[in-house]
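Structural features, examined
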Amino acid sequence: MAERKMSEAGRFPLPAASFPTHNSPRVWFITSALSPLIVRLIKLLLAHGDYVVAGLPPSEIEDAERSKEFRELINECKSGRKDREGWKDRIRGIRCDGRIMGQCGAAVAEAVELFRRIDILLCCTSEAVVGTVEELGTSAATQTLVRDQFEVIFFGQINFIKATLPLLREKHTGHIIILTGITGHIGTPGMSMYSASTWALEGYCDSLAYEIAPFNIKLTIVQPNKEIAVLSNKITFAPQLPQYNSQNNPAPGLRDILTNVVNQDQSTQISDLKGKHGRSKIVSRYPKLGNEAKDRLVMETVHALTAIGGHENPPARHIVGYEGVASVKEKIKTVSEELEDFVEVSCAVDIFKSDVGKAALAGGEKGEDGESAKAGSS
């Protein structure tokens, strides 16, 4: 932990980005390109000589503050600077709502028409709904938040996967990268639906990896610490019930921490959660961080993506950062200990060792005369 803190303080700067060995530039299709993490990734990809198709969710590209860094990047690409030479020809932004399958298919077709192929699909769309299970069931509006969370994180990403798979299968190569978080391993109080949608996506991808392996298509789930995705994308706060505030409920939650983060900037402060008639209202914010804070937050994950993307033998899962590794190790240790504590109970219900199991198995065994036991008894 001490080493981590010193690294964040800048005493040990991050090394230069590394890339897998490859014979030609790769074509990346990125589902959502407006987060601070992805903007920094795109810069490294363009500097390396790769091509980038950048998905632009309509609701985000129309938000001036949210899209500011991406627009600045595009201006850099067109600036004529010596160190940006050729960048504008190797990037294309495409407005696309991942929740609409037709738009995903059209975006993929446009990418192939422009750059002839897609080598790496990076699914990185994210936004977090903050609220306990009970808080998200208090009204029709909060129940809609639950559906929206799954639309964005689960359905919105598998639509891009489904649109891209036929192309990768046809050329018998490709790499799908899913950027999630350690919430795919560990539930988080106050972010139940964020965790649930992440687990759903990872379960889908675990199954998918087996299906596409015969076509030489690789799949990697990249899991940074939970604050990476949360603080670099939209956060939506459901109205809080008094029973779940930090004074009444000791369960550790992220609501207070995230509220403090967004309140640090005057333009994103949440000063009043009461709407008309005194009812609590739903509030959404994009955390506003300084450039140095953004770099410290996301650059480890950016470097992980450049090192893994298009690798000949990539990992099925890659956990980024010390805290993530420690948290997942602790979870695995707990699961293993509980398994050992109750292993006798688990094995006691094994039907194949019971009399019922023996009777069931006897029905399919051959007797001495070559007939099945079932046939012999009839």
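Check the entry above for the structure.
Rules behind the numbers
Residues numbered from 1 in each chain as written. Predicted model: local features only at pLDDT ≥ 70, side-chain atom pairs only at ≥ 80, totals over all residues. Heavy atoms only, no water. 1 Å grid on protein atoms, 1.4 Å probe; cavity = no way out; pocket = protein on both sides within 12 Å on 5 of 7 lines; lining within 4 Å. Points joined across faces, edges and corners; volume = space filled by probe spheres on them. Helix = DSSP H or I, 4+ residues; strand = E, 2+ residues; numbered from the N terminus. Nonpolar A, V, L, I, M, F, W, Y, C, P; charged D, E, K, R; others polar. Expected span 1.5 Å × (residues − 1). Buried < 20%, exposed > 50% of the residue type's maximum accessible area, 1.4 Å probe, protein only. Arc of directions from axis to C-beta. Salt bridge = Lys/Arg side-chain N within 4 Å of Asp/Glu carboxyl O.

1. A look at empty space enclosed by the protein
Overall, the coordinates contain two cavities of 30 Å³ or more when judged by the stated rule. Size it by volume and the largest cavity reaches roughly 130 Å³. Lining the largest cavity are 18 residues; nearest its centre among them are Thr 125, Ser 126, Leu 179, Thr 180 and Ala 229. For the lining of the largest cavity, the secondary structure elements donating two or more residues are helix 2 (36–48), helix 6 (140–171) and helix 7 (192–212). For the lining of the largest cavity, the class distribution of residues is eight nonpolar, ten polar and no charged.

2. Brief notes about helix 11 (residues 322–341)
The first and last C-alpha atoms of helix 11 sit 29 Å apart over 20 residues, in line with the 28 Å expected at 1.5 Å per residue. Glu 323, Gly 324 and Val 328 are the residues of helix 11 that are buried. Buried residues along helix 11 cover an arc of 125° about the axis, so they all sit on one side. The exposed set on the far side of helix 11, more than 90 degrees from its buried face, consists of Lys 329, Glu 340 and Asp 341.

3. Some thoughts on the pattern of salt bridges
Where charged atoms from two side chains of opposite charge come close, those side chains can pair. Inspection of every chain in the model, using the stated rule, returns 21 salt bridges. Among the ionic pairs, Glu 69 bridges to Arg 40, the shortest N-O distance being 3.1 Å. Taken together, the residues Glu 69 in helix 4 (residues 68–77) and Arg 40 in helix 2 connect sequence positions 29 residues apart. Residue classification places Arg 40 among the buried positions, given a relative accessible area of 11%. Taking the shortest distance from any N to any O, the salt bridge between Asp 119 and Arg 117 comes out at 3.0 Å. Judged by relative accessible area, which is 15%, Asp 119 ranks as buried. Within this structure, Lys 43, Glu 76, Arg 81, Asp 83 and Arg 84 form a network of salt bridges that share partners.

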